[in-house]
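Chain and residue survey
Listed here are the chains, written in short residue letters.
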Amino acid sequence: MSLPAVLPAAGASPSPSPSPSGSTAVTVPTLQDAQESATNAASWVEQNWSTWLAIGLRVLLILVIAGVLRAVVQRAITKLIDRMTRTAEAVDGTSLGGLLVNNERRRQRSQAIGSVLRSVASFVILGTAALMILGAFQINLAPLLASAGVAGVAIGFGARNLVTDFLSGVFMILEDQYGVGDTIDAGVASGEVIEVGLRVTKLRGASGEIWYVRNGEVKRIGNLSQGWATAGVDVTVKASEDLDRLKATLDEVAEKMSAEEPWNELLWSQIEVLGLDSVLLDSMVVRVSAKTMPGKSLTVERELRWRIKRAFDAANIRIVGGATAAEDEEEAADPTAAVAAPSALANPDSAQSAAASPIGAQRSAPK
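This is a predicted model, so every value here is computed, not measured.

Glancing now at the side chain of T201. Along the chain, T201 falls in strand β3 (residues 200–204). Judged by its relative accessible area of 2%, T201 is buried. One polar contact links T201 to Y178, side chain to side chain, over a distance of 2.8 Å. Apart from residues no more than four positions distant in its own chain, T201 is found in contact with Y178, V193, E195, W211, Y212, V213 and N215.

Before going further, it helps to examine the pairing of strand β2 (residues 190–196). The sheet contact formed by strand β1 (residues 183–185) and β2 spans 3 bridges and is antiparallel. Bridging across to β2, I184 finds its partner in G191. Two elements, β2 and β3, share 4 bridges in a ladder whose sense is antiparallel. Note that in β3 the partner of V196 across the bridge is T201. Where β2 folds back on β3, the antiparallel hairpin that results is connected by 3 residues.

For the rest of this paragraph, the subject is helix α5 (residues 160–174). For α5, built from 15 residues, the straight-helix expectation of 21 Å at 1.5 Å per residue is met to within 8% by its first-to-last C-alpha distance of 21 Å. Those residues of α5 lying buried are D165, G169, V170, M172 and I173. Viewed end-on, α5 has its buried residues packed into an arc of 165°, placing them on one side of the element.

Pairing of β3 with strand β4 (residues 210–214), which is carried by 5 bridges, proceeds in the antiparallel orientation. Paired with V200 across the bridge in β4 is R214. Linking β3 back to β4 in an antiparallel pair, the connection comprises 5 residues, with G208 at a positive phi of about 95°.

Sheet strands pair via backbone hydrogen bonds, and the direction of the pair is either parallel or antiparallel. Strand order in the open sheet formed by 3 strands is β6-β8-β7, with antiparallel pairing between adjacent strands. With partners counted over all chains shown, the strands left at the sheet margins are β6 (229–238) and β7 (272–279), one partner each. Mean inter-strand twist for the sheet, computed between neighbouring axes without regard to direction, equals 25°. Relative to strand β8 (residues 283–292), β7 runs antiparallel, the two being bridged by 6 bridges. Note that in β8 the partner of L276 across the bridge is V286. The sheet contacts of helix α8 (residues 297–314) involve β6 and β8, and relative to β6 the element is tilted by about 25°.

Before going further, it helps to spend a moment on the pattern of salt bridges. A full pass over the atoms with the stated rule returns 12 salt bridges. Between R305 and E301 there is a salt bridge, with the nearest N and O atoms lying 3.7 Å from each other. Of this pair, R305 and E301 both sit in helix α8, 4 residues apart, which is roughly one turn of that helix. With relative accessibility at 42%, the residue R305 sits in the partly exposed group. Here the salt bridges share partners, and the residues they tie into one network are D165, R214 and E217.

A few words now on the packing of helix α6 (residues 243–259) against α8. Where α6 contacts α8, the two axes come as close as 10 Å, and the packing angle between them is 130°. Judged on the interaxial angle alone, α8 and α6 are oblique. With respect to the hand of their crossing, α6 and α8 are arranged in right-handed fashion. Contacts from L246, T249, L250, V253 and M257 of α6 reach α8 at V300, E303, L304, R307, I308, A311 and F312. By residue class, the composition of the contact of α6 with α8 is 9 nonpolar, 1 polar and 2 charged.

Bringing empty space enclosed by the protein into the picture now. Tallying each qualifying case throughout the model produces 2 cavities of 30 Å³ or more. Around the second largest cavity sit Y178, I184, A186, T201, L203, V213, V218 and I221, which together line it. Its residues assigned to classes, the lining of the second largest cavity shows 7 nonpolar, 1 polar and no charged.

Attention now goes to the confidence of the model for the chain. Confidence in the prediction for the chain averages 76 pLDDT; 72% of positions are at 70 or higher. Element-level pLDDT for the chain is lowest in helix α1 (residues 3–12), with a mean of 43, against a maximum mean of 92 in β4. Low pLDDT (under 50) marks residues 92–101, which in the prediction has 11 contacts with non-local residues, meaning those over four places away or in another chain. Counting contacts from residues 323–327, a segment whose pLDDT is below 50, to residues more than four positions away or on other chains yields 2 contacts.

So, how was this worked out
- Residues numbered from 1 in each chain as written.
- Predicted model: local features only at pLDDT ≥ 70, side-chain atom pairs only at ≥ 80, totals over all residues.
- Heavy atoms only, no water.
- Helix = DSSP H or I, 4+ residues; strand = E, 2+ residues; numbered from the N terminus.
- Buried < 20%, exposed > 50% of the residue type's maximum accessible area, 1.4 Å probe, protein only.
- Polar contact = N/O pair within 3.5 Å; in protein donor to acceptor, adjacent residues only side chain to side chain.
- Contact = heavy atoms within 4.5 Å.
- Pairing = 2+ DSSP bridges.
- Expected span 1.5 Å × (residues − 1).
- Arc of directions from axis to C-beta.
- Axes fitted to C-alpha atoms, helices over the stretch in contact; angles between N-to-C directions.
- Salt bridge = Lys/Arg side-chain N within 4 Å of Asp/Glu carboxyl O.
- Parallel < 35°, antiparallel > 145°, perpendicular 65-115°, else oblique.
- Left-handed = near helix turned anticlockwise from the far one by under 90°.
- Nonpolar A, V, L, I, M, F, W, Y, C, P; charged D, E, K, R; others polar.
- 1 Å grid on protein atoms, 1.4 Å probe; cavity = no way out; pocket = protein on both sides within 12 Å on 5 of 7 lines; lining within 4 Å.
- Points joined across faces, edges and corners; volume = space filled by probe spheres on them.
- pLDDT = per-residue confidence, 0-100.

So, in structure tokens, the structure goes:
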């Protein structure tokens with residue numbers, strides 16, 4: 001039996017009788033209603049399938065392009081960072097290697113720069129792809145962009161310290177202001193850099209403590225490990241010393257130290273006797289200076305003081321100043337200064353002693 005013949009028969013069937021209680025009757029859908037609904041759905045799908053297919057293909061194309069572009073950009077950034085690292089490692093073996101940062105510093109700096117560039121590239125590409133997908137679905141992006149702008153401003157005000165730390169860290173790394181192994185003075189703390197991050201820099205202090213310095217708090221940086229350092233020693237001697245003999249002794253010390261290892265590698269210039277830094281009534285100060293390898297100035301200064309003291313002892317040249325000058329003054333003082341002057345009160349029978357005695361003692365004294 002065909003479907004058109006069944007439908008009239010179904011339509012002629014008696015409907016359910018109303019309930020005797022008087023409640024509302026429940027309408028039971030018929031096969032004809034189901035056929036009409038299916039026909040309408042099929043017609044709606046047939047009319048809109050092309051639009052759906054176009055939107056799906058557009059979204060798929062956007063995702064594919066975004067994925068391919070992100071992979072290409074990240075690969076290019078990785079190759080660029082690897083090339084920078086290989087160039088630095090090749091230069092480390094030349095004469096310029098001592099002027100450059102060590103491998104660990106270069107590696108951390110390259111990783112930080114690569115991480116920042118990859119994150120920025122991923123955010124830009126994926127964010128643009130998300131907006132294009134929403135536009136493909138005919139979604140109005142104006143309210144969304146306005147809300148995102150307001151949220152960005154609110155987050156910027158609420159987390160301004162975090163944003164400041166992050167941006168300061170990015171510029172510090174890009175400008176190569178300092179790196180791992182450098183000794184820096186950051187104002188709030190000083191020490192050797194053991195780790196450089198985008199938000200926090202870790203320093204090892206002179207006593208072994210670790211300082212965590214936020215990059216946004218650093219207002220000025222003094223890098224003591226780039227270029228060269230200066231070792232300076234001030235020698236204070238008596239004003240009566242022979243200047244020619246003094247200079248000859250210092251020149252001999254400088255010449256011997258510059259020719260010996262390992263000081264010949266730490267010294268990047270000849271040790272120079274700059275001359276008299278100051279002349280006083282009883283002393284004079286001679287300045288000795290030299291350029292050294294970065295971070296080795298204190299070591300050179302200690303060794304130079306050691307050698308100068310031994311050379312002065314051999315040449316019978318006295319170093320004065322501080323406690324030594326005080327001892328000299330005591331030795332030059334009059335030995336009779338500590339002896340009290342004679343007094344009439346020392347004699348108990350004298351009139352002065354009797355006048356200074358208590359009244360009771362005077363009355364009890366025999367007449």
